[in-house]
Amino acid sequence: FMLVDGAKMNEKIGGEDFLVTKKLDGEMQILFYKEVDGMCTVQAYGSQGKELEAGLPCFAEFGLMCQTAGLKSATVAAELYAKISVDGRERVHDVKAAIADEQYDKLFVAPFDIIDLDGNEWHAEHYKDTHKKLAELISGNQVKPVEAKTATSKQEVEQIYNYWCTEGGAEGIVVHSELPFI
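Residues numbered from 1 in each chain as written. Predicted model: local features only at pLDDT ≥ 70, side-chain atom pairs only at ≥ 80, totals over all residues. Heavy atoms only, no water.

(A) Representation of the nonpolar core. If you look at the biggest cluster of nonpolar residues, it comprises 28 residues, and the most contacted ones within it are Cys58, Phe59, Phe62, Leu80, Leu107 and Val109. Of all the elements in the fold, those that place two or more residues in this core are strand 2 (27-36), strand 3 (39-46), helix 2 (57-68), strand 5 (73-82), helix 3 (92-100), strand 6 (107-117) and helix 4 (127-137). Non-local contacts of Val109, meaning those with residues more than four positions away in its chain, are made with Leu31, Cys58, Phe59, Ala78, Glu79, Leu80, Tyr81, Gln142, Val143 and Lys144. (Core = buried A, V, L, I, M, F, W, Y, C linked by side-chain atoms within 4.5 Å. Buried < 20%, exposed > 50% of the residue type's maximum accessible area, 1.4 Å probe, protein only. Helix = DSSP H or I, 4+ residues; strand = E, 2+ residues; numbered from the N terminus. Contact = heavy atoms within 4.5 Å.)

(B) View of the pairing of strand 3. Examined bridge by bridge, strand 2 and strand 3 share eight bridges and lie antiparallel to one another. Paired with Ile30 across the two strands is Tyr45, which belongs to strand 3. The antiparallel hairpin formed by strand 2 and strand 3 contains two residues in its connecting segment, where Asp37 sits at a positive phi of about 55°. As judged from the two bridges shared by strand 3 and strand 4 (residues 51-52), these two strands associate in the antiparallel manner. (Pairing = 2+ DSSP bridges.)

(C) Representation of helix 4 within the structure. Taken residue by residue, helix 4 has Tyr127, Thr130, His131, Leu134 and Leu137 as its buried positions. Projected down its long axis, helix 4 shows its buried positions confined to an angular sector of 130°, all on one face. Exposed side of helix 4, more than 90 degrees from the buried face: Lys132 and Glu136 are the residues found there. (Arc of directions from axis to C-beta.)

(D) Expanded view of the side chain of Glu27. With respect to the secondary-structure elements, Glu27 resides in strand 2. Among residues more than four places away in sequence, those in contact with Glu27 are Ala78, Glu79, Leu80, Val92, Val95 and Lys96.

(E) View of the sheet that holds strand 4. The sheet built from six strands is open, its strands ordered 4-3-2-5-6-7 with antiparallel pairing. Either end of the sheet is taken by a strand with one partner, and the two such strands are strand 4 and strand 7 (120-121). Docked against the sheet, helix 3 engages strand 2, strand 4, strand 5 and strand 6, running at close to 95° with respect to strand 5. On top of the sheet, helix 4 reaches strand 5 and strand 6; it is set at about 120° to strand 6, its chief contact. (Axes fitted to C-alpha atoms, helices over the stretch in contact; angles between N-to-C directions.)

(F) Structural detail: the packing of aromatic side chains. Considering all chains together, one arrives at two aromatic pairs under this definition. Between Phe32 and Tyr45, the ring centres sit 5.8 Å apart and the planes meet at 75°, which makes this aromatic pair edge-to-face. Of this pair, Phe32 sits in strand 2 while Tyr45 sits in strand 3, and the two are 13 residues apart along the sequence. On the accessibility criterion, Tyr45 (25% relative accessible area) is partly exposed. Pairing Tyr81 with Phe108 gives two aromatic rings, centres 5.7 Å apart and planes at 25°, and the pair type is stacked. Taken together, the residues span a long stretch of sequence, with Tyr81 in strand 5 and Phe108 in strand 6 at a distance of 27 residues. Relative accessible area serves as the criterion here: at 13%, Phe108 is assigned to the buried category. Note that Lys83 overlies the ring of Phe108, its terminal NZ or CZ placed 4.7 Å from the centroid. (Phe/Tyr/Trp six-rings, centres within 6.5 Å; stacked < 30°, edge-to-face > 60°. Lys NZ or Arg CZ within 6 Å of the ring centre and 35° of its normal.)

Below, the structure written as structure tokens:
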């Protein structure tokens, strides 16, 4: 992960086959789903290792989607975010405010990576495969994979950045290419 000023983006990215995802301003969570005897549980841990409330409707929806997909277990990285800001952009402090005010209907989960499915570590050659799998497994009202667009050039990546960030006010983008991480 590398923070890059939009003006310097073209010199920092490489490749020809991109999937660009919108960076959400929320709290990163690792979601652990497990089904035993028809009962599913979801545990969520933040980046500091603290467990978050298990009773949130967005987590229950995540569990139901995993169960409906026939999974017995799954570990997924996701962004927990809230839609309560006046300007329409999610803000990290809105997550805590929504929980404190019990505005659970304002909380959403955007899965962005798969760690394992049914105990099998997930590997994908291109992030596009991961995003596609997430979309197959998980898409509901309060749980949807992070928004993504494809691009075939640095210029298209820049257009997406301008649309989402410069014009739309998003926090940023994450650029995935066919090139390996180093």
